[in-house]
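# Chain and residue survey
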Amino acid sequence: MPHLRSRISGLGMCVPPWVVSNDELTQWMDTSDEWITQRTGIRQRHWAAQDTSTSTSGLAVDACRDALAQSGIAATDVGMIIFATLSPDAVFPGSACFLQGKLGVPGIPALDIRQQCTGFVYGLSIADLYVRAGLHEHVLLVGSEIQSKALDKSTRGRDMTVLFGDGAGAVVVSATQVEDVSARSKESFLLSHHLHADGSFAEDLLFRSPGTSNRIWNPPELVPEREAYPQMNGRLVFQHAVKRMPEVALEALEANGLAVDDVDLFVNHQANKRINDKFAESLGVSPEKVFDTIDLYGNTTAATIPIGLAEAVKAGKLKPGMLVACAAFGSGFTWGASLLRW
Ligand code: COA
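### Some words on the overall build of the protein chain
The helix and strand inventory of the protein chain stands at ten helices and 13 strands. Its C-alpha radius of gyration of 19 Å places the protein chain within 12% of the 20 Å reference for a compact globule of 342 residues. If you line up the protein chain on its principal axes, its C-alpha atoms span 65 × 50 × 35 Å. Across the 342 residues in the protein chain, those meeting the buried criterion constitute 58%. Sequence separation of at least 24 residues holds for 76% of the intrachain contacts in the protein chain that already meet a minimum separation of 6. When the accessible area of the protein chain is evaluated, it comes to approximately 14000 Å², of which 53% is carbon and sulfur surface. Here the protein chain carries 29 positive and 38 negative side-chain charges, and the mean point of each set is 2 Å from the other.

Below, the structure written as structure tokens:
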């Protein structure tokens, strides 16, 4: 008897056209292509025009249209929108509402989630559960970020600014009937999700203002002080990322009775090439099995995994029937992994 499961039926991505090379950053801050390449593996990132022409939901809508087209459904067939971002169009309402307006599908639920670099994995788990519960046939999930407008582009902010890029990646999560729901099944479906957080590290990667932990929501005297920009304890974040990402990937495999060798491709969150390499080293897999997009896009936060999936398909590295693991780590701290049969 077939079982109701969900699968990714469509995939899309969008990055703004402005490519910012490492050399270009040196006009604003004291840094170098050599430092950035050696410490992070990033060669370039895409940034949105620094004006009002592009918003986070504006990038998202292009990625979503591609995903809908690939899925072969119309926007009106979508039952729910989930929008993962740390760089919303506005403090409120949520970016999912802006996106819903742009897609022209009023009435359906529109949910924003705030799990930063782990946002896509959290979002995938929610989409999967709604579909598996029979509540929606199709859920549209997008991770979209315009980080560039929030970053401190002076030397003071160089530790963070060189890392981040803008972009969007979207998936349509659709109902599917699966005959063999075992972990070794070759049918395409989402196997499981494993989510974590540890709020005791909330201050180690944060963007405080605007927020109610300030005296007032958005104190004018903070601008242009440090708290008006994202801040990061980079070394601590690195140490936790290289521990948590392999750990949660193994948790996902163990929960399904699978081994590292069963995974055909890891499409993880992209923060730093050294994190990708350490991940491969910890699990004892060849670096070719850990798909990289960091050199081209930098860290696009909630968008890195769907962009990675889209790029992996384009590169011919992700094919039907493959077992894919997606691990992520980010601000919160939050971390998680999804396992899926493509
Ligand atoms: N260009 C040039 N020099 C820079 C620089 C930049 N962009 N950023 C920092 N530096 C300097 C520092 O000021 C420091 O100088 P000092 O020794 O004179 O004090 C020196 O480089 C070394 O800094 P350090 O922070 O020790 O470097 P690192 O090897 O830890 O690399 C990160 C820094 C940020 C690349 C690294 O810690 C990292 O990737 N952390 C994880 C970040 C992350 O993944 N964030 C998102 C999570 S989802």
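### As for the pairing of strand E4 (residues 80-84)
Among the five residues in E4, five count as buried, and that is most of the element. Burial along E4 is two-sided: the face carrying Met80, Ile82 and Ala84 and the face carrying Ile81 and Phe83 are both buried. Sheet topology note: the E4/strand E5 (residues 110-113) ladder contains four bridges and is parallel. Following the sheet pairing, Ile82 is matched in E5 by Leu111. Once you follow E4 into helix H4 (residues 95-103) and on to E5, the crossover reads as right-handed.

### So, the packing of aromatic side chains
Here a ring pair, both rings aromatic, is described through the centre-centre distance and the interplanar angle of the planes. A full pass over the atoms with the stated rule returns seven aromatic pairs. With 6.0 Å between their ring centres and 75° between their planes, Trp18 and Trp47 make a pair best called edge-to-face. Linking Trp18 in strand E2 (residues 18-21) with Trp47 in strand E3 (residues 44-47), this pair joins segments that are 29 residues apart in sequence. An aromatic cluster is present here, built from Phe201, Phe329, Phe333 and Trp335 joined pairwise through their rings. In this arrangement the basic side chain of Lys153 is found over the ring face of Trp47, its NZ or CZ atom lying 5.5 Å from the centre.

### Topic: the pattern of salt bridges
As enumerated under the stated definition, the model contains twelve salt bridges in all. Glu247 serves as the salt-bridge partner of Lys243, at 3.5 Å between the closest nitrogen and oxygen. Residue Lys243 and its partner Glu247 are located together in helix H7 (residues 234-255), separated by four residues, close to a single helical turn. Where Lys273 meets Asp292, a salt bridge forms, and the shortest distance between an N and an O atom there is 3.0 Å. One end of the pair, Lys273, is in helix H8 (residues 273-283); the other, Asp292, is in the loop between H8 and helix H9 (294-297), with 19 residues separating them in the sequence. For Lys273, a relative accessible area of 27% translates into the label partly exposed. Salt bridges here are not isolated pairs; linked through shared partners, they connect Glu203, Arg208 and Glu227.

### Brief notes about the domain arrangement of the protein chain
What the domain assignment lists for the protein chain is domain 1 (3-178) and domain 2 (189-341). Domain 1 and domain 2 are separated by 14 Å when their C-alpha centres are compared. The interface is formed by 51 residues belonging to domain 1 together with 51 residues belonging to domain 2. Of the roughly 4100 Å² buried at the junction of domain 1 and domain 2 (both faces included), carbon and sulfur atoms supply 66%. The tally of links between domain 1 and domain 2 comes to one salt bridge. Linking Arg43 and Asp295 is a salt bridge whose minimum nitrogen-to-oxygen distance equals 3.1 Å. For the interface between domain 1 and domain 2, the tally reads 20 residue pairs in polar contact (both at pLDDT 80 or more). Among the elements of the structure, strand E1 (3-14), helix H2 (33-40), E3, helix H5 (119-132), strand E6 (138-145), helix H6 (158-161) and strand E7 (167-178) are those that each provide at least two residues to the side of domain 1 that touches domain 2. Split by residue class, the side of domain 1 that touches domain 2 holds 22 nonpolar, 17 polar and twelve charged.

### As for the sheet that holds E7
Two modes of strand pairing occur in sheets, parallel and antiparallel, and in both the strands are linked by backbone hydrogen bonds. In space, the five strands of this open sheet follow the order E1-E7-E6-E4-E5, with mixed pairing throughout. In the strand order of this sheet, the two ends are held by E1 and E5, each with one partner. Going from strand to strand, the sheet's axes swing by 20° on average, the running direction of each strand aside. By the bridge criterion, five bridges tie E4 to E6 in an arrangement that is parallel. Following the sheet pairing, Ala84 is matched in E6 by Gly143. Most of the contacts of helix H3 (residues 56-71) go to E1, to which it runs at about 125°, and overall it touches E1, E4, E6 and E7. Of the strands in this sheet, E1, E4, E5, E6 and E7 touch H5, which is tilted by about 30° from E7.

### Observations regarding the site of the ligand
Inspection of the region around the ligand gives 24 residues, with Thr31, Arg39, Gly234, Arg235 and Asn272 positioned closest. A distance of 2.7 Å is found between an oxygen atom of the ligand and a side-chain nitrogen or oxygen belonging to Arg39. At 3.1 Å from an oxygen atom of the ligand is found a side-chain nitrogen or oxygen belonging to Arg158. Relative to its unbound accessible surface of 960 Å², the ligand loses 74% to contact with the protein. Those elements that place two or more of their residues in the shell around the ligand are H2, H6, H7, H8 and strand E12 (323-330). Broken down by element, the shell around the ligand gets its largest block of residues, four residues, from H7.

Conventions and cut-offs
- Residues numbered from 1 in each chain as written.
- Predicted model: local features only at pLDDT ≥ 70, side-chain atom pairs only at ≥ 80, totals over all residues.
- Heavy atoms only, no water.
- Helix = DSSP H or I, 4+ residues; strand = E, 2+ residues; numbered from the N terminus.
- Rg over C-alpha atoms; globule rule 2.2 N^0.38 Å.
- Buried < 20%, exposed > 50% of the residue type's maximum accessible area, 1.4 Å probe, protein only.
- Contact = heavy atoms within 4.5 Å.
- Areas by Shrake-Rupley, 256 points an atom, 1.4 Å probe, with all protein chains shown as cover.
- Lys, Arg positive; Asp, Glu negative; His and termini not counted.
- Charge placed at Lys NZ, Arg CZ, Asp CG, Glu CD.
- Pairing = 2+ DSSP bridges.
- Right-handed = clockwise from strand over helix to strand, strands pointing away.
- Phe/Tyr/Trp six-rings, centres within 6.5 Å; stacked < 30°, edge-to-face > 60°.
- Lys NZ or Arg CZ within 6 Å of the ring centre and 35° of its normal.
- Salt bridge = Lys/Arg side-chain N within 4 Å of Asp/Glu carboxyl O.
- Domains from an automatic or database assignment.
- Buried area = accessible area lost by both parts, 1.4 Å probe.
- Polar contact = N/O pair within 3.5 Å; in protein donor to acceptor, adjacent residues only side chain to side chain.
- Nonpolar A, V, L, I, M, F, W, Y, C, P; charged D, E, K, R; others polar.
- Axes fitted to C-alpha atoms, helices over the stretch in contact; angles between N-to-C directions.
- Near = heavy atom within 4 Å.

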